[in-house]
Amino acid sequence: FYFYSAPENFNEEMLRGKRVIVTGASSGIGEQMAYHLARMEAHLLLTARTEAKLQKVVKRCLELGAASARYVSGSMEDTTFPEVVVKEAENTWGGLDVLILNHIGYSYFNYFNGDVGHVRKLLEVNFLSYVAMTVSALPMLKESEGSIVVVSSVAGKTAAPFSAPYSATKFALDGFFSSLRHEFIIEKVNVSITLCILGYIDTENAVRAVSHAIRDTPAPKEECALEIVKSGVLRRRELHYPSRAVGSLLLLRDIAPDFLDSLIRSSYKQ
Ligand SMILES: NC(=O)C1=CN([C@@H]2O[C@H](COP(=O)(O)OP(=O)(O)OC[C@H]3O[C@@H](n4cnc5c(N)ncnc54)[C@H](OP(=O)(O)O)[C@@H]3O)[C@@H](O)[C@H]2O)C=CC1
Ligand SMILES: C[C@H](CCC(=O)NCCS(=O)(=O)O)[C@H]1CC[C@H]2[C@@H]3C(=O)C[C@@H]4C[C@H](O)CC[C@]4(C)[C@H]3CC[C@]12C
């Protein structure tokens, strides 16, 4: 417990001059995290596949006040890419303070279609690349007593229809990183792991994928991104955002799982 002790109050200065990697930073929540971190004067290394979008995000980050901002483009389907990203941080900064793992690969929102190849590919992008990034970055994070932030979903704590492959990758993250957190504490490795459990957020891709099927109103990506940054810096174990909705969902999962399942199904349009 001593080695996992964390500061209580967030202060934007906590990020000033910190060296931060954000994956999936070309759009959505990752892009918004980059803008918050830039305002807080962090050094940024951003990654995603689309170079043109990353260029725009880097430009905006520099305008907002980032201590420095650069990108490396590539796909997390390529098993060598996680190490390339971390090496870029090592060569540029000689160290790393915060690793924010946020990217996801494309998945359909529909009945599971039996495509095992898709599940395998999604596990590579959404899960195994997170493990590979962590392994490569760990020596630098141990040195800086830094933080790992893993962006997950309520779909990684309790399943919903039409997202079987995606949900599997998010459950895997919880198993892996929650086990790793135990091991860090046992071995007195002072690197924090924050697992972010997010409900429905208003990013373009998520809204496009599910608004025709889901009644809920999505929460704002800007606020969501700020809460993720804060909980990582405060070395929290988990973030639940939006807190009341996710909190109730997790409570119901433990005390009335069948009732929760029927509530989730009823939030889908027929
Ligand atoms: N939005 C929501 O409702 C919710 C989101 N979350 C989680 O939040 C995180 C961000 O989600 P959100 O902002 O909505 O997602 P977006 O789809 O907006 O962003 C995904 C990011 O990942 C990048 N990406 C996609 N494929 C690859 C790939 N093969 N290799 C590397 N990067 C890739 C995309 O850029 P590019 O295409 O340029 O590669 C983009 O930057 C995810 O972990 C998601 O699971 C959790 C719960 C709800
Ligand atoms: C339908 C899920 C949530 C059901 C629910 O109980 N909602 C009320 C409580 S809440 O406010 O906490 O939501 C959706 C919650 C997370 C969504 C999924 C997600 O994690 C992002 C994916 C992004 C991708 O681009 C496509 C859609 C998602 C699979 C998205 C689908 C809907 C959720 C499972």
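Quantities reported herein were computed from a predicted structural model and do not represent experimental measurements. Within any chain, residue numbers begin from 1 and follow the written order of that chain's sequence. Lettering of chains starts at A and numbering of ligands starts at 1, both following the order in which they are written. This being a predicted model, a pLDDT of at least 70 is required before a residue's local features are given, and a value of 80 or more before pairs of side-chain atoms are given or counted; all residues contribute to the totals for chains, interfaces and linings. Side-chain figures throughout are based on the complete set of non-hydrogen atoms in the structure, without hydrogens or water.

On to the site of ligand 2. If you check the shell around ligand 2, you find 16 residues, and the closest are S153, V154, Y166, D216 and L249. In the model, an oxygen atom of ligand 2 is placed 2.6 Å from a nitrogen or oxygen of the S153 side chain. Pairs of N or O atoms within 3.5 Å make up the polar contacts considered here, provided that, within protein, one atom can donate a hydrogen while the other can accept it, and that residues adjacent in sequence are counted only when both atoms are side-chain atoms. Here an oxygen atom of ligand 2 and a side-chain polar atom of Y166 are 2.7 Å apart. Accessible areas in this description were obtained via Shrake-Rupley with a 1.4 Å probe; residue shielding takes into account the shown protein chains only. Protein burial of ligand 2: of its 670 Å² of free accessible surface, 85% is covered by the chains. Counting from the N terminus, the helices are the DSSP runs of H or I reaching at least four residues and the strands are the DSSP runs of E reaching at least two. Counting only elements with at least two residues in the shell around ligand 2, the list comes to α6 (204-210) and α8 (243-255). In this classification, the charged set is Asp, Glu, Lys and Arg, the nonpolar set is Ala, Val, Leu, Ile, Met, Phe, Trp, Tyr, Cys and Pro, and all remaining amino acids, among them Gly, are polar. Class assignment of the residues belonging to the shell around ligand 2 gives a composition of 13 nonpolar, 2 polar and 1 charged. Any residue with at least one heavy atom within 4 Å of a molecule or strand is counted as near it.

Turning our attention to α8. In this analysis, the expected span of each helix is defined as 1.5 Å times one less than the number of residues it contains. Across its 13 residues, α8 extends 18 Å between first and last C-alpha, which sits within 8% of the 18 Å expected from 1.5 Å per residue. If you check which residues of α8 are buried, you get V246, L249, L250 and L252. With its buried residues spanning 160° around the axis, α8 presents them on a single face. For α8, the exposed residues lying more than 90 degrees away from the buried face are S243, R244, L251, D254 and I255. Lining the buried residues of α8 we find β6 (192-198), β7 (238-241) and α9 (257-266). Under the scheme applied here, a residue whose accessible area is under 20% of the maximum for its type counts as buried, over 50% as exposed, and between as partly exposed, the area being computed with a 1.4 Å probe on protein chains only. By arc we mean the arc of the directions from the helix axis to the C-beta atoms, nothing more. Contacts between residues were defined by any pair of non-hydrogen atoms, one from each residue, lying within 4.5 Å.

A few words now on the packing of aromatic side chains. For Phe, Tyr and Trp, rings pair up if their centres lie within 6.5 Å, where Trp contributes its six-membered ring, and each pair is then called stacked (planes under 30 degrees apart), edge-to-face (over 60) or tilted (otherwise). This model, assessed by the stated rule, comprises 6 aromatic pairs. Following the ring pairs from residue to residue traces out a cluster consisting of F109, Y111, F162 and Y268. Charge-over-ring placement is defined geometrically: NZ (Lys) or CZ (Arg) within 6 Å of the ring centre, and within 35 degrees of the ring normal. When the ring centre of Y35 is taken as reference, the NZ or CZ atom of R60 above it lies at 6.0 Å.

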